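# What the coordinates show
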Amino acid sequence: MRNLALFLASIFLVSAAVPKTTRLPKDLKEISGWIFANDSTLIAHNDGGNDPKLFVLNLDGSIRHKISITNAENEDFEDITLDGKGNLYVGDFGNNKNERTDLRILKVNLKKVLDNQDVEAKFIEFSYPEQKDFPPRLNQKYFDCEAMSFYNDSLYLFTKCRTEPFDGKCFVYALPTKPGTYKANKKYYMVIGKRDWFRDAVTAASIHDDKLYILTYNRIITHTFENGRAKYESHQTLLPITQKEALAVHSNGKIYIADERQKLVGGGNMYVIKPTETKK
């Protein structure tokens, strides 16, 4: 974590900064995912090593209430989505070292979360069929993931590249929503960029109105999304570069971003991006 902060500080940019909307509560200092439950409510979670809690938020980022997932630990919660059928999905699939063999997604009842009730999870356990070694060779480290969204009855995962040398590939996988044990179905890959994982690795995703929004530490990338395939449309640079790991799209098209709080580079804020601000 210190190496990350030092790197970000070395490339810290102050021009054209995205205006922050509000400071998030300290309870969310390691926020790594959120989703709109409705037009006035966000549901968020913290990164790995924290309690397995879900935070129900108002649109200003204040906490309305928080609940526990009683039968799970937060090994590495990285993103959250919902299916429009009353189910929330929390991705416990962070895998920085590419060595985990216990990847899973937690399926919980949305209504209970909104009603301030603790919940039990059902589990979608999975593996990547292309991964043979744990960890793989440095140039094959494609099996970290921080981004997930629901689309056409499936859960879509967008992996975070950690290869050395860095090649910027993001693999797109699909999984069923029914609890069970699966081999993730690889669809294709996209090249996000080839600089380094601080700037060109995926940290969150959301599919909204047939648009795929990909987040990195320094930009939002918008794609058209049809039949499960993404086509680049536009992007917006987000300065300064901070540890941005949460993205959600409101029904009005505004994009809500949150970053983790770091001593050297800041963060711990919520940002609201208007659709008209997205640039080619």
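Notes on the structure follow. (Residues numbered from 1 in each chain as written. Predicted model: local features only at pLDDT ≥ 70, side-chain atom pairs only at ≥ 80, totals over all residues. Heavy atoms only, no water.)

Looking now at the pattern of salt bridges. Scanning all chains against the criterion turns up 12 salt bridges. Among the ionic pairs, Glu146 bridges to Lys160, the shortest N-O distance being 3.0 Å. With Glu146 in strand 10 (residues 144–151) and Lys160 in strand 11 (residues 154–160), this residue pair connects regions lying 14 residues apart in the sequence. Residue classification places Lys160 among the buried positions, given a relative accessible area of 0%. Taking the shortest distance from any N to any O, the salt bridge between Asp196 and Arg199 comes out at 2.4 Å. If you follow the salt bridges from partner to partner, you end up with Asp92, Arg100, Asp102 and Arg104 in one network. (Salt bridge = Lys/Arg side-chain N within 4 Å of Asp/Glu carboxyl O. Helix = DSSP H or I, 4+ residues; strand = E, 2+ residues; numbered from the N terminus. Buried < 20%, exposed > 50% of the residue type's maximum accessible area, 1.4 Å probe, protein only.)

This part is about the pairing of strand 21 (residues 269–273). For a regular strand, side chains alternate in direction, first toward one face of the sheet and then toward the other. In terms of burial, strand 21 is largely enclosed, as four of its five residues are buried. Sheet topology note: the strand 1 (residues 22–23)/strand 21 ladder contains two bridges and is antiparallel. Paired with Thr22 across the strands is Met270, a residue of strand 21. Two strands pair when backbone bridges link them, and strand 20 (residues 255–259) and strand 21 are joined in this way by four bridges, in the antiparallel orientation. In the strand pairing of strand 21, Ile255 is matched with Ile273. (Pairing = 2+ DSSP bridges.)

Our focus in this paragraph is the packing of aromatic side chains. Under the criterion given, the structure shown has 11 aromatic pairs. Their ring planes at 85 degrees and their centres at 5.6 Å tell us that Phe126 and Tyr128 sit as a pair that is edge-to-face. Tyr128 matches Phe126 in its accessibility class, with the two residues each being buried. For the pair Tyr151 and Tyr156, a centre-to-centre distance of 5.7 Å together with 85 degrees between the ring planes defines the contact as edge-to-face. Tyr156 shares its class with Tyr151; the two are buried. Through pairs of rings, three or more aromatic residues link up here, namely Phe93, Phe126, Tyr128, Phe143 and Tyr173. Lying across the ring of Trp197, Arg162 places its NZ or CZ 4.5 Å from the centre. Above the face of the Tyr188 ring, Arg229 is positioned so that its terminal group lies 4.2 Å from the ring centre. (Phe/Tyr/Trp six-rings, centres within 6.5 Å; stacked < 30°, edge-to-face > 60°. Lys NZ or Arg CZ within 6 Å of the ring centre and 35° of its normal.)

On the basis of which strands lie adjacent, the open sheet formed by five strands has the order 6-7-8-9-13 and mixed pairing. Single-partner strands in this sheet number two, and they are strand 6 (77–82) and strand 13 (180–183). Across the sheet, the mean angle from the axis of one strand to that of its neighbour is 20 degrees, orientation sign disregarded. The pairing of strand 6 with strand 7 (residues 87–92) spans five bridges and is antiparallel. By the bridge assignment for strand 7, Ile80 is matched with Val90. (Axes fitted to C-alpha atoms, helices over the stretch in contact; angles between N-to-C directions.)

Let's shift gears to the sheet that holds strand 4 (residues 53–57). Where strands meet in a sheet, backbone hydrogen bonds hold them as pairs that are either parallel or antiparallel. Strand order in the open sheet formed by four strands is 2-3-4-5, and the pairing between neighbours is antiparallel. Bordering the open sheet on either side are strand 2 (31–38) and strand 5 (63–68), each of which pairs with just one other strand. Between one strand and the next, the sheet's axes are offset by a mean angle of 25 degrees, whatever the strand orientation.

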